[in-house]
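Commentary on secondary and tertiary structure
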Amino acid sequence: MKKVLALVMMICMLCGVAMAEEQAGDFIVMDMLGLKIWLPAGMNAVEIPEEQAAAGRLLGYEADDHTAYFVVDAVNAGEMTPDQMLANVQASDPEGNAQMVQVNGLTVVIYKNTAADCYTAALVDTNNNIIMFSMGPAADADAAAVFEYVINTLQIAE
């Protein structure tokens, strides 16, 4: 199963950016991170409450109908490598669904966070910050496919 999932993810990575150009939506540029990512039409920026911002929430988006969300968080992790991050996620993941993949030259750990009912993709930046991109709810029937599609557009901003 993991080999099939890895193959599907590799195929999606190859065509993720090209497909995003054909679908309704826009790239958002995260200047503070030097990254950009595509979000589907109907996802609107929301104001981040002060307490969430203090905890590391950088950006938040919510669907027009309030049924889905996308958030970006950053946490300083000290000396952290992508391999260590994967090991940490795997240690706390009873379902064993965490995987490390390459997305447009970025090393990303992708997993389903069952407790938070979301999908998350995390990377370690050059300042040892873990940048987490989360989309939910994961219980939605199309959530995995939409999340995979969106994450495969993650790239360094030009």
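So, a few notes on the structure that sits alongside this text. Worth saying up front: this structure is predicted, and the values here are computed from it rather than measured.

Some remarks on the overall build of the protein chain
Regarding its fold elements, the protein chain presents four helices and 10 strands. Taken from N to C terminus, the helices and strands of the protein chain fall in the order α-β-β-β-α-β-β-α-β-β-β-β-α-β. Among the 158 residues that make up the protein chain, the fraction classed as buried is 40%. Taking as baseline every contact in the protein chain between residues at least 6 positions apart, the subset at least 24 positions apart corresponds to 49%. Summing over all exposed atoms, the protein chain offers an accessible surface of approximately 8,700 Å²; the carbon and sulfur share of this is 56%.

Description of the pairing of strand β5 (residues 69-76)
As judged from the five bridges shared by strand β4 (residues 57-63) and β5, these two strands associate in the antiparallel manner. Within β5, the position partnered with Gly-60 by the bridge is Val-71. The hairpin formed by β4 and β5 contains five residues between the paired strands, and His-66 there has a positive phi angle of roughly 65 degrees. Pairing analysis gives eight bridges linking β5 to strand β9 (residues 129-136), with the strands arranged antiparallel. Bridge pairing in β9 places Phe-70 opposite Met-135.

Description of the layout of surface pockets
Computed from the structure, the second largest pocket encloses a volume of approximately 220 Å³. As for the second largest pocket, its lining consists of 15 residues, and the residues nearest its centre are Met-43, Ala-68, Met-135, Gly-136 and Val-146. Contributions of two or more residues to the lining of the second largest pocket are made by β9 and α4 (143-151). For the lining of the second largest pocket, the residue count by class is nine nonpolar, three polar and three charged.

Let's talk about the sheet that holds strand β2 (residues 35-40)
Sheets are built from strands paired through backbone hydrogen bonds, the pairs being either parallel or antiparallel. Read across the open sheet, the three strands follow the order β1-β2-β10; overall the sheet is antiparallel. With one partner strand each, in any of the chains shown, β1 (25-30) and β10 (155-156) form the two edges of the open sheet. Note that β2 and β10 share two bridges and pair antiparallel. The partner of Lys-36 across the bridge, within β10, is Gln-155.

Rules and cut-offs
In this convention, every chain numbers its residues from 1, walking through the sequence in written order. The predicted origin of the model limits local features to residues at a pLDDT of at least 70 and limits the giving and counting of side-chain atom pairs to 80 or more, whereas totals for whole chains, interfaces and linings rest on all residues. No hydrogens and no water enter the side-chain calculation; it runs on all heavy atoms of the structure. Counting from the N terminus, the helices are DSSP H or I runs at least four residues long and the strands are E runs at least two residues long. Accessibility here uses a 1.4 Å probe with only protein chains present; expressed as a share of the type maximum, an area under 20% marks a residue as buried, one over 50% as exposed, and anything in between as partly exposed. We call two residues in contact when some of their heavy atoms are within 4.5 Å. In these tables, accessible area is a Shrake-Rupley quantity obtained with a 1.4 Å probe, and a residue counts as shielded only by the protein chains included in the view. Two strands qualify as a pair provided that DSSP identifies no fewer than 2 bridges between them. In this analysis, the protein atoms alone were mapped onto a 1 Å grid. Cavities are point sets where a 1.4 Å probe fits without being able to get out; pockets are open sets with protein on both sides within 12 Å along at least five of seven lines; lining residues have an atom within 4 Å of a point. Grid points are joined across faces, edges and corners, and a volume is the space filled by probe spheres set on the points. Classification convention: Asp, Glu, Lys, Arg as charged; Ala, Val, Leu, Ile, Met, Phe, Trp, Tyr, Cys, Pro as nonpolar; all other residues, Gly among them, as polar.

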